[in-house]
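Letter by letter, the chains look like this.
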Amino acid sequence: MDSRRRFSTIAAILLLLIHGSHCFYLPGVAPEDFQKGDELKVKVNKLTSTKTQLPYSYYSIPYCQPKKILDSAENLGEVLRGDRIENSPYVFKMREPQMCSTVCRIKLDAKTLKAFKEKIDDEYRVNMILDNLPLVVPIKRLDQEAPTVYQLGYHVGLKGQYSGSKDEKYFIHNHLSFTVKYHKDLQTDAARIVGFEVKPFSVKHEYEGTWNDKTRLTTCDPHSKHTVINSNSPQEVAENKEIIFTYDVEFQESDVKWASRWDAYLLMSDDQIHWFSIVNSLMIVLFLSGMVAMIMLRTLYRDISKYNELETQEEAQEETGWKLVHGDVFRAPSNSDLLCVYVGTGVQFFGMLLVTMMFAILGFLSPSNRGGLMTAMLLLWVFMGLFAGYASARLYKMFKGAEWKKIAFRTAVMFPGIVSAIFFVLNGLIWGQKSSGAVPFGTMFALIVLWFGISVPLVYVGSYVGFKKPAIEDPVKTNKIPRQIPEQAWYMNPIFSILIGGILPFGAVFIELFFILTSIWLNQFYYIFGFLFLVFIILIVTCAEITIVLCYFQLCSEDYLWWWRSYLTSGSSAFYLFLYATFYFFTKLEITKLVSGALYFGYMLIASYAFFVLTGTIGFYACFWFTRLIYSSVKID
C-alpha cells in the first residue's frame, strides 16, 4: 500500500512539472494574443552585410520614416551587437489583408543616390521585427522534399542589366509582399503570430496626373485587384528618379503553435555533420584515454612498485626516470606571478562558459531573447572574478608569495585590459565608418563600471579568501640546489612538444568551430547548445589527457620544468584556432574592405586569446593533479 501511495505521489509531482513546463515563459518573451483588427506594429532593426560586417541603422539611408522615430529599449548585448530597433511606417491590422498600401514617395538626389548604391554594392539586408519575430525571406530548394530555407532580412536591392544592354544598373526593392502567419485559438478567436515572411520586388510604379496623398497607382491598384507578382519592370536607382514604396500584407492561418514558432528558423539541415563532429571528437578522446590508461595503470604502476622495492643505497642511486627529479619537480617556475594570473583568468573563463552553457541548454538564452547570450556572458564574467581571485591567490601562496594584493590587481586587470585595448582600437575604426556597431559612450561607461565597480572588488575578495587558506603542501621536499637537466631528444624540445600538444584539442572542436564562425560572421542563428556542451566536455578531457601524456614523457626524460609547459601545451590549440580563422576568412567570407578585415582579425585575436587562457588552465590543472598524485605514491627517503 505504501509503495502504491509513494508511486502516485511521484506521478503527481511529475505531472505538475510537465504541466508547469508548458506554462513557463521567459521574461520579455511571453506570448501576446491579438484579436481581429488589433494593430500590429512592425519595428525595423539594423542593416547588415556579410561583406562588410558593419551594421547600420535602418534610417541611415533615406527610407520612408514615421512621423516620429522612437528607439526601443535595448539591453547591453543588443547594443554591443549593433542592434538599433526603431519604429517603422509599416502598420498592419490583425487578420485584415492589405493590398498595394503606399508608404511614401521619395526623389533621389546625389547624396541619397550614393547611399543606396553603396548599400546595394555591399549586399546589405534590411532586418525587421514583428512580435519579436525577425523578418525572413523563404527560399525554396530545388529538391522539393528539402525543407524551406529562411534568409534573415531582404536585400536593399540588386544589380543587373536591361536586356540588350551591357551597362550595369542598380535596382531597389521598393515593394514588399508580407505574409504574417498566425495560430488561432478556436475558443477565444484570439490569435498568436507564428511567422513573419516577405517577398521583395523591384517595381517602377506609375500613376496618372500629379502626385498627392490620394493618387492611385496604375501598376498596383487594390480596386482593380492589380497586384505585384514579379519584377519585370524594376525600379532603377538613378539621380532625380522618384521611388514609390508600397507593400501588401497577407495573413495565413498556421498549425504551428506559438511555443514552436522558432523551430523553422533554427532548423539545422546539417545534423549529420554535427554527429560526425561528435564521433570524430570522441575517437580522439578514446585514443588519448587509452594512452593515459596505459600510462596510469601499466607504466606508472610498474614504476611505483619498482621504486618502492628499492632497498639498498646502491639500488637507490641507480634509479632513473621521473622519480629522479622528485627534489625539483615542485620548484617554483620562473615568472610564477604571471602563471598565477593566467590560471586565475582561466578559472574565470571556465566558470563563465560552464554556467552560460547550462543556461543556454535550459532555454534561457534562446534567440527570442535578443542579446541575452552576450549580456549573460558579460555579467557571468564579472561575477566569476571571485573564483579568479581565489585560484590565483591559492597558487601564489603555494609559490611562497607574500603580496596577495599585487597578484589580485594583476588578475583583475591584465586580461580585460589587453582585450579592452584591442576592442577600443576596433571600436574607433567602426566609429570612423559611422556604423551602428560602434559602442556608444554610455555603454562604454557601463562596461567600465562593471569592470572596476564589481569585477575588480570581487577578485580582491576572492584573493583575500584564497590567501587566508593554508598553503598547498607539496608531496615531496624540494632540494635547495636545482638539478641540471640532461640534454633532451629533438622530439622533447619545448617548442615542438608544445605545438604538437595543441593539435588534438583543436582537432576535437574544429568542426563545431565552423558552425560558430558561420553564425557570427554570416548572420545566422546558432542554437545547438546541446552539441556545443558535448564538444566542450570533449575539449576538457582532450586538453587534460594530452597534457598528462606529454608531461609524463617530459618527467621521464628528467626535465622537471613542467609548470609553464603544461599551460602552453594545451593552450597552443589557440594558435591553430587563429590559423583556422585565417583559412575561414579567405575561403568562406567575401570581405574586401580593409576596416572589415581588421575587425575580423581583431575579434578573432580576442577569441583566440580567450581560448588560450581557457585551454591552458585546463591543461595546467590536469598536470598539477597528475604530478601530485604520482609523487605522493612513491616512498622518498
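As named in an unreviewed UniProt entry, the protein chain is Transmembrane 9 superfamily member, taken from Acer yangbiense. Per UniProt, the protein chain carries the Sequence similarities (unreviewed entry) text "Belongs to the nonaspanin (TM9SF) (TC 9.A.2) family."

Draft legend 1. Structural context of the confidence of the model for the protein chain. In this model, the protein chain carries an average pLDDT of 84, and 88% of its residues clear a pLDDT of 70 or more. Note that residues 1–28 has pLDDT below 50 and, in this model, 7 contacts with residues that lie over four places away or in other chains. Segment residues 312–318: pLDDT under 50, and 2 contacts once partners within four positions in sequence are set aside and those in other chains are kept.

Draft legend 2. Spotlight on the pattern of salt bridges. A complete count under the given rule lists 16 salt bridges for this structure. A salt bridge links D83 to R81, with the shortest nitrogen-to-oxygen separation between them at 2.9 Å. Take D83: its relative accessible area is 0%, and that puts it in the buried class. One salt bridge connects R331 with D328, and the closest N-O pair in it is separated by 2.6 Å. On the basis of relative accessible area, D328 is assigned to the buried category, the value being 2%. It is possible to trace a salt-bridge network through shared partners that takes in K46, R81 and D83.

Draft legend 3. Expanded view of the side chain of Q53. Position of Q53 among the secondary structure elements: in the loop between β1 (39–48) and α2 (76–81). Engagement of the side chain of Q53 in a polar contact is seen with the backbone oxygen of W521, the distance being 2.8 Å. Here Q53 is in contact with I520, W521, I591, S596 and L599, once residues within four sequence places are set aside.

Draft legend 4. Representation of empty space enclosed by the protein. Following the criterion strictly, the structure yields 1 cavity of 30 Å³ or more and no others. Where the lining of the largest cavity is concerned, the elements lending two or more residues are α14 (529–556) and α15 (563–571). Considering every element that reaches the lining of the largest cavity, the biggest residue donor is α14, with 4 residues. Considering only residue class, the lining of the largest cavity consists of 3 nonpolar, 4 polar and 1 charged.

Draft legend 5. View of the environment of K159. Along the chain, the position of K159 falls in strand β9 (residues 157–160). Take K159: its relative accessible area is 36%, and that puts it in the partly exposed class. The spacing of K159 and Y170 is 11 residues in sequence and 4.7 Å in space, taken between C-alpha atoms. Apart from residues no more than four positions distant in its own chain, K159 is found in contact with I120, D121, E168, K169 and Y170. For K159, the side chain forms a polar contact with the side chain of D121, separated by 2.8 Å.

Draft legend 6. Spatial organisation of the environment of Y600. Tracing the chain through its elements places Y600 in helix α17 (residues 594–631). Put simply, Y600 and T52 are 548 residues apart on the chain and 9.7 Å apart in space, counted from C-alpha to C-alpha. With sequence-adjacent residues up to four places away left out, Y600 is seen in contact with W521, A581, Y584, F585, L589 and I591.

Draft legend 7. Seen up close, the state of the cysteines. Tallied over the entire structure, the rule returns 2 disulfides. For C64, the disulfide goes to C104, at an S-S distance of 1.8 Å. Residues C64 and C104 are joined by a disulfide whose S-S torsion is about -75°; by sign, that bridge is left-handed. One end of the pair, C64, is in the loop between β1 and α2; the other, C104, is in strand β3 (residues 98–107), with 40 residues separating them in the sequence. Neither C64 nor C104 differs from the other in exposure class; each is buried. Take the cysteines of the protein chain that form disulfides and number them in order along the sequence; they join up as 1-3, 2-4.

Cut-offs used in this document
- Residues numbered from 1 in each chain as written.
- Predicted model: local features only at pLDDT ≥ 70, side-chain atom pairs only at ≥ 80, totals over all residues.
- Heavy atoms only, no water.
- UniProt positions renumbered as here; feature names shortened; annotations may be inferred.
- pLDDT = per-residue confidence, 0-100.
- Contact = heavy atoms within 4.5 Å.
- Salt bridge = Lys/Arg side-chain N within 4 Å of Asp/Glu carboxyl O.
- Buried < 20%, exposed > 50% of the residue type's maximum accessible area, 1.4 Å probe, protein only.
- Helix = DSSP H or I, 4+ residues; strand = E, 2+ residues; numbered from the N terminus.
- Polar contact = N/O pair within 3.5 Å; in protein donor to acceptor, adjacent residues only side chain to side chain.
- 1 Å grid on protein atoms, 1.4 Å probe; cavity = no way out; pocket = protein on both sides within 12 Å on 5 of 7 lines; lining within 4 Å.
- Points joined across faces, edges and corners; volume = space filled by probe spheres on them.
- Nonpolar A, V, L, I, M, F, W, Y, C, P; charged D, E, K, R; others polar.
- Disulfide = S-S within 2.5 Å.

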